[in-house]
Each structure stands twice: as structure tokens, then as C-alpha cells.
Amino acid sequence: MGTRVILSGMRPTGRLHIGNYVGALMNWIRLQNEAEAQCYFMVADWHALTTDYEDPSQVESNIEAMVMDWLSCGLNPEKVVLFRQSWISEHAELALILSMITPLSWLERNPTYKEQINTLKDKAISTHGFLGYPVLQAADILLYGATHVPVGEDQLPHLELTREIARRFNFLYKKSVLTEPQALLSPVPKVLGMDGRKMSKSYGNTVYITEEEKELSNKIRCMFTDPHKVKMGDRGHPNPCPDNPTGCMVFQFHKMYEDSKNAGSREKTCMEGTLGCSPCKKDLYDEMNAALKIFREKRKTIKKEQVAQLLKEGSEMAQKRASETLRRVKDALGYR
Ligand code: SF4
């Protein structure tokens, strides 16, 4: 197998939570250690404008916080190219060219578009930019000749659209310029928040990956447990069941942070009523604190100037590859 070129990115939303870590970063860190992979990881700051164009004032500080978290978790800029989308003008230029050849119907059938329009009712996102963001995404991927894109099942239609756009370009201009990327399907476990809904900043139910001890302790104290288990001796329902449909959130977190043998005996003692919720929460605090402490300590060693410098160097490196692709695109069009 030749070298795989991998492209992925995150919108700058500030500090990362455990859902971001488990859903994407863990996979990025695994990929960076593959000898046969060249990874490009992007701060997708133009994408931040698609839904939050009315107030971009937090973008700079969000980028800084997010990249510091990337580094805290072990993303290594010596192994991967970390770059900022808006610093590479080729992204906007290729997106413009691709938007000329992308039929409107391809964008209108995008399931995420319809779903988001319904979900984000408080935001005026019936814009050209929001409808066309899959074209910008296609440009992000195609500029680097990415052979593989890590995606979850729900993002497959987006990647298919990128492949269709690449095919259409190559067909129209009779040159094989753009590479059709393959999906690198990885199971993306849905991480639930403290209240049993999907972990998300907009629900205020997150645990940050660099959460300080005191906040972590407060958050674990407030986690939803089994409402039927009030005192020691009551039998609990740690997993979802008709009596406790969301399950106990403390138990769901234990399953992520302790080995399956311990989780098995915890489930048993909870169901028998011999385990109390307070000691169970204390165990969770100890497990999570030990894991998050590593990220927290690493984060303290990272300087803001270091982040700016890394992004500058990474963006210069990425731009070399991007400008080469754009030159070939313009050649195919016959533009000088
Ligand atoms: S004992 Fe633990 S697992 Fe059982 S309900 Fe209480 S917090 Fe949840």
C-alpha cells in the first residue's frame, strides 16, 4: 500500500470536550502514528462562518484554545501538518471554481442541510454559504489530493458529494486532476453528556478534556444517576431499561474509564444494591481525574505563541501542496 494522504478538520469551537476527543482526536492520534500516512489536520475557520457569521468575535480565541487542546492530547506537529484554512487562499479559490460545476440539486438533497435548517431555527442560516458548505468541504479535501478521509457513517453522503464533484470536474475538463477520496470509516461512539443527551456545548452538559479538579468534581456530583436508587440498599439500573431509559450517566462514564472487568462487577453490585452512588461517583472522579490530569499538565506547558508559530509553519507547508493542485485545476480549465 502506498502512502495514504489523510485530511480532516474541526470547526474552531474553543475548548474540546470528551465527545470531541473520543469522536475524532483519538483517531487522529492513532493515524499520525501510521508509517504509511501523511496527515493534514485543519482548523476549519471558514466553516465557522457558515452558521456563526453574525458574531465571529470568538473565532481567534477559539482557535487558540482548540489547538492547545489538540497538542495537549498528543497531536504531534512533527508527524502531521496542522494548518489554518483561512490562511490558505486556495481553499476559497477552489471552492469558487467547484461551485460553478456543482448542480444546485446536489446541495439541496444533502440530508444534513435539511436537518440543520430545522434544528438551528434561531439562526438565519438560509444563506448561499450554508447551502454551499459541502462545496467548500470538497475543496478542502481535493486540494490536498486526500486519498482517505476519516468519517462516521452520518458523514458518508458528504464524502460521496466530494467524490461526485471530483468526477464531474475530471469528466468536464478531460483530465484526471482531482483525486476521489475514500472513506476511512471508523466507529464514532456517541458520547453522552452529564444529562444523558448527546455531549454538546449547546446543551451545557460537557466535560472538558482539560477540566480542572474542582470543576470535574462538581460535574460528577451533578451527573444524572438512576432516579429509583435513592439510598444504599436500593437496587440500581445502571444501563438503559424501561425503569431508567437513559441509564445512569455515572455508569456510562465508568465504562469509558475503567476496564470491562471492573465495570462488570460495578454493574452487579449496583443492581444488587450493595454499591452506593456516592462512593461510585468518587471512584469515577479518581479514574477520570487520573486520565485528564495528563492532558491538563501537558496544556500548562504549551504557550500561545507556540500555537501561532505551529499554525504558521504548518500552513506554509500545506499551501505548497494546495497551490500545486490549484495550478493543475487552472491548467485543466485553460486559465493562465
Ligand atoms: S451506584 Fe453507581 S452505577 Fe449505580 S446508580 Fe448509583 S451512580 Fe449509577
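Here we look at a nonpolar patch on the surface
- Together, Trp46, Leu49 and Tyr53 make up a nonpolar patch on the protein surface, roughly 250 Å² of accessible area in all.
- Here Trp46 falls in the partly exposed class, since its relative accessible area comes to 36%.

Focus: the site of the ligand
- Surveying the vicinity of the ligand reveals the residues Thr225, Asp226, Lys229, Cys248, Val250, Phe251, Cys270, Leu275, Gly276, Cys277 and Cys280.
- Of all elements in the fold, only α11 (249–257) and α13 (277–300) reach the threshold of two or more residues within the shell around the ligand.
- Of the residues in the shell around the ligand, the class split is seven nonpolar, two polar and two charged.

A look at helix α12 (residues 260–272)
- Taking 1.5 Å as the rise per residue, α12 with 13 residues should run 18 Å; its terminal C-alpha atoms sit 18 Å apart, in good agreement.
- Taken as a whole, α12 has its buried residues at Ala263, Arg266 and Cys270. The arc that holds every buried residue of α12, seen down its axis, measures 60°, which confines them to one face. Turned more than 90 degrees from where α12 packs its buried face, Lys261 and Lys268 sit exposed.
- Residues of α12 that are buried make contact with α11 and α13.
- Among the residues trailing α12, Gly273 stands out with phi positive, at a value near 95°.

Here we look at the domain arrangement of the chain
- One can read the domain layout of the chain as domain 1 (4–191 + 303–333) and domain 2 (210–299).
- Taking only C-alpha atoms, the centre of domain 1 and the centre of domain 2 are 35 Å apart.
- Taken residue by residue, the interface counts 11 residues in domain 1 and nine residues in domain 2.
- In this assembly, domain 1 packs against domain 2 so that about 880 Å² is buried in total across both faces, 56% of it on carbon and sulfur atoms.
- When the area that domain 1 buries against domain 2 is broken down by residue, the three leading residues are Arg15, Ile18 and Ser72, summing to 52%.
- Taken together, the links from domain 1 to domain 2 amount to one salt bridge.
- For Arg299, the salt bridge is made with Asp69, and the minimal N-O distance between the two is 2.6 Å.

Criteria and cut-off values
Here the residue numbers are simple positions, counted from 1 along each chain's written sequence. Only residues with pLDDT of at least 70 are given local features in this predicted model, and only at 80 or more are side-chain atom pairs given and counted; all residues enter the totals for whole chains, interfaces and linings. The side-chain quantities take in all heavy atoms of the structure and omit both hydrogens and water. Patch definition: residues above 30% relative accessible area lacking any salt bridge, with like charges linked at up to 9 Å and the nonpolar side chains Val, Leu, Ile, Met, Phe, Trp and Tyr linked at up to 5 Å. All accessible areas in this document rest on Shrake-Rupley with a 1.4 Å probe, and a residue is counted as covered only by the protein chains that are shown. Between Lys or Arg on one side and Asp or Glu on the other, a salt bridge is scored when a side-chain nitrogen of the former is within 4 Å of a carboxyl oxygen of the latter. Exposed residues in this analysis have more than 50% of their type's maximum accessible area, buried residues have under 20%, and partly exposed residues fall in between, with area computed by a 1.4 Å probe over protein chains only. The cutoff for a nearby residue is simple: one of its non-hydrogen atoms must lie within 4 Å of the molecule or strand. Secondary structure elements follow DSSP: runs of H or I of four or more residues count as helices, runs of E of two or more count as strands, with numbering from the N terminus. Under the scheme applied here, ten amino acids are nonpolar (Ala, Val, Leu, Ile, Met, Phe, Trp, Tyr, Cys and Pro), four are charged (Asp, Glu, Lys and Arg), and all others, including Gly, are polar. Expected span, for any helix, means 1.5 Å times one less than how many residues it has. This arc is taken over the directions from the axis of the helix to the C-beta atoms. Any pair of residues with heavy atoms lying within 4.5 Å of one another is described as a contacting pair. The domain boundaries here were taken from an automatic or database domain assignment. Here's the idea: put two parts together, see how much 1.4 Å probe accessible area each one loses, and the total over both is what we call buried area.

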